[in-house]
Amino acid sequence: MKKDIHPDYRRVVFRDKSGNFSFLTGSTRESNETIEWHDGNTYPVVDVEISSASHPFYTGQQRVMDTQGRVEKFKKRYGQK
């Protein structure tokens, strides 16, 4: 591998402010902000707009689209004559 072309891989906290949820993982993402984590160490923090804590699919608040009768309506309108 070539040297000095890869970004630094380090521990980073991703924080979902809308879901009041954060997790520590490895990443190459850059950040100027830091946060003190539960283990007492300070890590860079990256704010995200959506995560599994706030996404409707994972929270069970997903809207179900009404698909009943669409095929029948299509066949009625454009069906064989």
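The structure displayed is predicted, hence computed values, not measured ones.

A. Inspection of the side chain of S27 at higher detail. Mapped onto the secondary structure, S27 falls in strand β2 (residues 21-27). S27 gets classed as buried once you look at its relative accessible area, which sits at 12%. Among the polar contacts listed, one links the side chain of S27 to the backbone nitrogen of R29, at a separation of 3.0 Å. Setting aside residues up to four positions removed in sequence, S27 forms contacts with D8, Y9, R10, V12 and F14.

B. Quick peek at the sheet that holds β2. Reading across from one edge, β2-β1-β4-β3 is the order of the four strands in this open sheet, with mixed pairing throughout. Each edge of the open sheet carries a strand with a single partner, namely β2 and β3 (34-36). The sheet shows a mean angle of 45° between the axes of neighbouring strands, direction not considered. Two strands pair when backbone bridges link them, and strand β1 (residues 10-16) and strand β4 (residues 42-48) are joined in this way by four bridges, in the parallel orientation. Directly across from D16, in β4, lies its bridge partner V48.

C. Representation of the pattern of salt bridges in the model. As enumerated under the stated definition, the model contains four salt bridges in all. With a closest N to O distance of 3.8 Å, E30 and R10 form a salt bridge. Of this pair, E30 sits in the loop between β2 and β3 while R10 is found in strand β1, placing the two residues 20 residues apart along the sequence. Through salt bridges with shared partners, one network takes in R15, K17, E33 and D47.

D. Up close: the confidence of the model for the chain. Taken residue by residue, the chain gives an average pLDDT of 81. The fraction at 70 or more is 75%. Looking across the chain, the model is least confident in helix α1 (residues 56-59), with a mean pLDDT of 57, and most confident in β3, with 93.

What counts and how
- Residues numbered from 1 in each chain as written.
- Predicted model: local features only at pLDDT ≥ 70, side-chain atom pairs only at ≥ 80, totals over all residues.
- Heavy atoms only, no water.
- Helix = DSSP H or I, 4+ residues; strand = E, 2+ residues; numbered from the N terminus.
- Buried < 20%, exposed > 50% of the residue type's maximum accessible area, 1.4 Å probe, protein only.
- Polar contact = N/O pair within 3.5 Å; in protein donor to acceptor, adjacent residues only side chain to side chain.
- Contact = heavy atoms within 4.5 Å.
- Pairing = 2+ DSSP bridges.
- Axes fitted to C-alpha atoms, helices over the stretch in contact; angles between N-to-C directions.
- Salt bridge = Lys/Arg side-chain N within 4 Å of Asp/Glu carboxyl O.
- pLDDT = per-residue confidence, 0-100.

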